[in-house]
Amino acid sequence: MTARPIRRRTAAAGAVIATGSLLLTGCGSGTGPTAQSQSLHDRLPQKVKDAGVLRIGSDLSYAPVESKGSDGKAVGLDPDIAAAIGRKLGLRVEIQNVGFDKLPQELKAGTIDAVMSAMTDNKDRREGTDALGDPKPGAVPLDFVDYFIAGTSLLVAKGNPQHITQLTDLCGKTIALQKGTTQDDIATRQQAPCKTAGKPLKVLRYGTDDQALAQLKAGNVAADMNDFPVAVYNAQRYSNGTALEVAGPQMQPAPYGIALLKSNTTLRDVLADAVDSIIISGEYDKILAKWDLSAGAAQNAVVNGG
């Protein structure tokens, strides 16, 4: 972990973990950059300064963290934080809609500069290993600037007819989730103990969480696993809150991070300082409050803190 100060704040499920925050920004307005903004701008990689734009990859299918608004533009927690960072850096922010499992490859190809897509910072993503800790062919090891805390939740039918409250309750059942996510890793690890218990866990993996959620709505699976903010959002909004509910406590809270190539340490460190600045200014808390996500707030930026 990079040596940056770590403070702690209670996550939504009551867990307390070391983390950090980060915000990306959009085009500035008004009278020009402050002295601090100019300093951060001057520290940017020359290629980014010359382009005048920060290209962010995001899978816009994960409300309220990121999705498409009625006008087709990116909306949600991550786009708002990205816009705040852009203003701090004096850059225009361009958000590119990319499938979640393809985001690391887009970084490697150079079509985007960073990822903001509710991506959990964990050892596997930093080291390019799979859920079992083995080398993952084609994986792109990443660095992270952490900016929010969220755990995994189980979304089930209203009334929880199959009495699911924890991972062991999934044994013998079929669940749906978005492939390549933290939930995919958690479910993969859970399959071994379920098999040992003689009750195999069947996991249906989809390109988007919306597709996984559709399986739950249709009654084809016992649960949809996704991030806590997304689970709560869907439970409240689908059929006016009458059809789905979040089952059990939030599991394994961990930080979301802005992902970058490990070679891009200059941009990584500038982003970390920009996030700290936005947190100190109070803009970060206002953005989280707007999306009713204040419970997941972090107090400062941490590099590779997951």
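Keep in mind it's a predicted model, so treat the numbers as computed, not measured.

Undergrad: When you look at the state of the cysteines in this model, what are you seeing that I'm missing?
TA: Two cysteines joined by a covalent bond between their sulfur atoms form a disulfide. Taken as a whole and judged by the stated rule, the model has one disulfide. For Cys171, the disulfide goes to Cys194, at an S-S distance of 2.0 Å. Note on the Cys171 and Cys194 pair: the S-S dihedral is about -80 degrees, so by sign convention the disulfide is left-handed. Taken together, the residues span a long stretch of sequence, with Cys171 in the loop between strand S9 (142-157) and strand S10 (174-178) and Cys194 in helix H6 (residues 182-196) at a distance of 23 residues. Per residue, the accessibility class of Cys171 equals that of Cys194, and both read buried.

Undergrad: Before we go on, may I ask you to explain the layout of surface pockets in this structure?
TA: Where empty space is left in the structure can be found by rolling a water-sized probe over the atoms. There is about 440 Å³ of room inside the largest pocket. Counting only elements with at least two residues in the lining of the largest pocket, the list comes to helix H4 (103-109), helix H5 (123-127) and H6. A per-class count over the lining of the largest pocket returns eight nonpolar, five polar and eight charged.

Undergrad: Can you help me understand helix H7 (residues 209-217) in this one?
TA: Since there are 3.6 residues in each turn of an α-helix, residues three or four apart along the chain are aligned in direction. For H7, the complete set of buried residues consists of Asp209, Ala212, Leu213, Gln215 and Leu216. Projected down its long axis, H7 carries its buried residues within an arc of 150 degrees, all on one side. After H7 finishes, the residue Gly219 shows a positive phi value of roughly 80 degrees.

Undergrad: What am I meant to see in the nonpolar core here?
TA: Inside soluble globular proteins, nonpolar side chains tend to come together where they are buried. One finds Ile81, Ile85, Leu89, Phe148, Ile258 and Tyr284 to be the most contacted residues of the largest nonpolar core, which totals 42 residues. Those elements that provide at least two residues to this core are strand S3 (53-58), helix H3 (77-89), S9, strand S13 (244-261), helix H9 (265-281), helix H10 (283-290) and strand S14 (297-303). A total of eight residues in this core trace back to one element, the largest contributor, which is H9.

Undergrad: Whenever I open this one, empty space enclosed by the protein confuses me. Can you help?
TA: Summed over the entire model, instances satisfying the criterion amount to one cavity of 30 Å³ or more. Of the volumes computed, that of the largest cavity is approximately 100 Å³. In terms of lining, the largest cavity is formed by 14 residues, of which the most central are Tyr62, Phe100, Ser117, Ala118 and Thr181. The set of elements that each furnish at least two residues to the lining of the largest cavity consists of strand S4 (61-62) and H6. For the lining of the largest cavity, the class distribution of residues is three nonpolar, seven polar and four charged.

Undergrad: Got a minute to help me understand the pattern of salt bridges in this structure?
TA: Opposite charge on two side chains makes pairing possible when the charged atoms of those side chains draw close. Counted under the stated rule, the structure contains twelve salt bridges. Note that Arg126 is salt-bridged to Asp121, the shortest N-O span being 2.6 Å. Each of the two residues, Arg126 as well as Asp121, counts as buried. One salt-bridge network, in which partners are shared between bridges, spans Asp143, Lys262, Arg268 and Asp269.

Procedures and definitions
Residues numbered from 1 in each chain as written. Predicted model: local features only at pLDDT ≥ 70, side-chain atom pairs only at ≥ 80, totals over all residues. Heavy atoms only, no water. Disulfide = S-S within 2.5 Å. Helix = DSSP H or I, 4+ residues; strand = E, 2+ residues; numbered from the N terminus. Buried < 20%, exposed > 50% of the residue type's maximum accessible area, 1.4 Å probe, protein only. 1 Å grid on protein atoms, 1.4 Å probe; cavity = no way out; pocket = protein on both sides within 12 Å on 5 of 7 lines; lining within 4 Å. Points joined across faces, edges and corners; volume = space filled by probe spheres on them. Nonpolar A, V, L, I, M, F, W, Y, C, P; charged D, E, K, R; others polar. Arc of directions from axis to C-beta. Core = buried A, V, L, I, M, F, W, Y, C linked by side-chain atoms within 4.5 Å. Salt bridge = Lys/Arg side-chain N within 4 Å of Asp/Glu carboxyl O.

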